[in-house]
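Examination of the molecular architecture
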Amino acid sequence: MTIKTACPIDCYDGCSMLATVKENGEIQLQGNPEHPITRGALCNRGRRLAARRDGEDRVVYPLKKVGGEWVPISWAQAYREIGQQIRVAIDKYGHHSILHAFDWGSGALLKSLSQRFFYQLGGCTETVGSLCWDAGLEAQRYDFGQARSHAPDDMVRNSRGIVVWGRNVATTNVHMMPFIKAAQARGAKLVVVNPLPTDVARRADMCVYPRPGTDALLALGVLRVCRDLNLIDQRFTQTCAVGWDAFAKTLDAYALDRVSRETNVEPEQIRALAEFYGQSGPVTTLLGIGMQRYAGGGNAIRAIDALAAATGNVGIPGGGVNYAQRGMAAFVDEDALTGRSAADVREFVRGTQAQEILSSNPPIQVLFVTRTNPLTQVPDSATLRKAYAGIGCKVVIDMYMTETAQAADYVLPCTSVLEEEDVTYTTMWHPYLSYIHPVVPPRGESKPEWQIFSELADVLGMGEKMEGSVQSWLTLALRPLLAQGITLEQIQTDGFVRLPIEEVPFADGRFLTPSEKFEFWSNAAVADGQSAVATYVPPRRAHGSGHHRLTLLTIHPRKHENSQRQHVVGDVVYPVVEMSRVVADEHGIRSGDAVRLYNDKASLQGVAKVREEGHPYTVQVESGWSGQGISINDFTDADSADFGQQTAQYDCACSVELIASALVIGVEKREPVQ
Ligand SMILES: Nc1nc2c(c(=O)[nH]1)N[C@H]1C(S)=C(S)[C@@H](COP(=O)(O)OP(=O)(O)OC[C@H]3O[C@@H](n4cnc5c(=O)[nH]c(N)nc54)[C@H](O)[C@@H]3O)O[C@H]1N2
Ligand SMILES: Nc1nc2c(c(=O)[nH]1)N[C@H]1C(S)=C(S)[C@@H](COP(=O)(O)OP(=O)(O)OC[C@H]3O[C@@H](n4cnc5c(=O)[nH]c(N)nc54)[C@H](O)[C@@H]3O)O[C@H]1N2
Ligand code: SF4
Ligand SMILES: [Mo]
């Protein structure tokens, strides 16, 4: 029998999956051919959900650390002891002494019931802000009122130009590739802007390799050329926008020679980009998340928005600055599910939680970690390790012994998506929502997260507040969607549903901003203490500043999702350190050599890989890695980007040196790691 279900991984693509269980119990997953985005194909991350479900080292019993060793315990004991710790903490220090650190390790809707549990305690301390994409979301809130993406088919039908700006589409957004190819087959031209060479670059008509963290300067420089060459859409800037005239004057600061010098992009390419936006016909921009993880990341997104808007590429078929799909939020009543508005919540920012824990009053007594692995993923791992180590009772809910789980006192096993019933959707791209049907029973004693919290609530005598069935919770949370005449049964049977979101956002010229226009000038930004118009904030640490000359880009891994690397790559002791030919030659390094990557905070040994293309002074190591007693985020700082409590972990400097040539690895004794 084939079961329609869905992939809940934090990803652009939001795939619908078909699952079959063979007689020997093996689960086979494939993409649903009927789903307009999935079109029968899953990426490796989705296919390997089966291996993750069946992994030998999966945690399937509650575990307690006793004398440094993990001991299996019963659920009853786990609830009793953790419940007791919660009671004592609240009695002594109040509910703010409980910290709930969570993120989007699963995008299934009912995962939010974990928040409901803590709110029913009266409140808690919880993590807010983003390691991921908030600076860009805030930027688009200032400009458009809300981040909205065009329907995928619109680009194919109507775009004459596509700019993939800071998005690693062929790796992180694989289902976009067929749409790009189809648009190219109809004559659309493709430009890629990224300091690193990416797979999509092979298909590009032009590749721009800017210095990391300088995208705002590049976009503003391009826009100045557009202004000076009269490539501005006067109708749009005068009738659909506010603040163009004042903003246009500020472009004087971005003269071609300065922009070229500081971004390391040749003047011809800057002019070519201006002509591309100003003269190609509708241009769609696919924005990634990479360039907003810098000191000026939010302004970079605003600058690109402004470039697209001023050249008339917003609100038209084939245009758009596609960063996210926030229109989905209107169909889900999160507050009904969580009850947050009634709770007394203290907020710690995800990126700076370590400092906040260390100085917190009341102090954190109990930590719950759900759907995240902070000890590898949060910048400045060393400080976070220290902060977590000082907390008396640490509970991690996960399927695997992540670095964070290893540092905990209790690990509670949650189910895999293949053992759950729920609903999921992506807020990063397309407007389809999918149903998650259970494919196999839970392994061992693992339980869905909502059930864990419901049973813990029972022990704390507040069981009725968490009582409900999957159906009743889904009906409650999806009320706005069901009010549109779509039924839960329909989604269950069809496997997915398209939400009624417009194909071309802002086509009527009305934006979701206070002025209902596109805001080159944003009073909302001013109220937040920001510049009224897009401006250039230089990177703090990336290349060129301090004594480490290279920028370290710890981008998303090709083969797995963030730190979820069990069953995919195993324990990689020596990560690949990818660098340009220029840097390699300066240090006498060749591909395969043992190298040291270091900065003022950390040092690792890796294997060199030399590349020919890209910005020369940029080094790449995949994020999600840990080993040699550290994680990749031991190199990064807990700095913030300009908007939205966003981390700036790509704004990171490093150096490399040769340890041993590939020829002598094996006989060379590696120096001890720090
Ligand atoms: N295979 C795989 N897919 C994933 C994920 C994964 O871990 N693995 N993670 C998912 C998640 S959580 C997210 S948020 C998305 C992220 O999706 P993406 O935005 O595609 O990926 P990132 O690694 O965040 O960075 C994207 C690109 O930004 C570039 N970049 C870095 N600095 C700059 C800069 O200063 N300017 C410009 N123009 N470009 C820059 C990097 O070289 C990289 O190619 O992917 C999702 N999909
Ligand atoms: N240096 C650097 N750091 C980064 C990034 C980067 O590019 N470079 N990217 C950032 C980005 S964009 C993101 S989104 C974050 C991601 O960082 P995290 O949110 O920590 O994501 P993952 O590493 O995927 O870890 C998610 C964990 O949730 C678990 N999980 C899955 N389903 C469930 C469930 O139902 N319940 C529970 N309780 N657990 C579950 C998984 O097994 C996994 O261990 O990392 C950020 N950190
Ligand atoms: S990880 Fe993304 S691309 Fe891969 S199967 Fe899941 S939703 Fe699709
Ligand atoms: Mo992310």
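In case you missed it, the structure is sitting above this.
These figures come from a predicted structure and were not determined experimentally. (Residues numbered from 1 in each chain as written. Chains lettered and ligands numbered in written order. Predicted model: local features only at pLDDT ≥ 70, side-chain atom pairs only at ≥ 80, totals over all residues. Heavy atoms only, no water.)

Some points on the sheet that holds strand β20 (residues 496-498)
Across the sheet, 3 strands lie side by side as β18-β19-β20; this open sheet has antiparallel pairing. With one partner strand each, in any of the chains shown, β18 (422-425) and β20 form the two edges of the open sheet. Pairwise comparison of adjacent strand axes, ignoring direction, gives a mean angle of 20 degrees for this sheet. With 4 bridges connecting them, β18 and strand β19 (residues 432-436) associate as antiparallel partners. Residue pairing for β19: valine 423 is matched across the bridge by tyrosine 435. (Pairing = 2+ DSSP bridges. Helix = DSSP H or I, 4+ residues; strand = E, 2+ residues; numbered from the N terminus. Axes fitted to C-alpha atoms, helices over the stretch in contact; angles between N-to-C directions.)

As for the environment of tyrosine 574
By secondary structure assignment, the location of tyrosine 574 is in the loop between β22 (550-553) and β23 (576-580). Separated by 129 residues in sequence, tyrosine 574 and glutamate 445 place their C-alpha atoms 35 Å apart.

Description of the site of ligand 2
Around ligand 2, the surrounding shell holds 29 residues, and the nearest of these are Asn373, Asp398, Glu449, Ser563 and Gln564. At 2.9 Å, a side-chain N or O of threonine 372 approaches an oxygen atom of ligand 2. Side-chain polar atom of glutamate 449 to a nitrogen atom of ligand 2: 2.6 Å apart, as the coordinates give it. Out of a free accessible area of 910 Å², ligand 2 has 97% covered by protein chains. (Near = heavy atom within 4 Å. Polar contact = N/O pair within 3.5 Å; in protein donor to acceptor, adjacent residues only side chain to side chain. Areas by Shrake-Rupley, 256 points an atom, 1.4 Å probe, with all protein chains shown as cover.)

Re the side chain of arginine 52
Examined against the element boundaries, arginine 52 turns out to sit in helix α2 (residues 49-54). Despite its burial, arginine 52 remains without a salt bridge, the nearest opposite charge being carried by aspartate 398 at 4.7 Å. Leave out the neighbours within four places in its chain, and arginine 52 touches Arg58, Met399, Tyr400, Gln564, Gln566 and His567. (Buried < 20%, exposed > 50% of the residue type's maximum accessible area, 1.4 Å probe, protein only. Lys, Arg positive; Asp, Glu negative; His and termini not counted. Salt bridge = Lys/Arg side-chain N within 4 Å of Asp/Glu carboxyl O. Contact = heavy atoms within 4.5 Å.)

The values are spatial; any link to function lies outside them.
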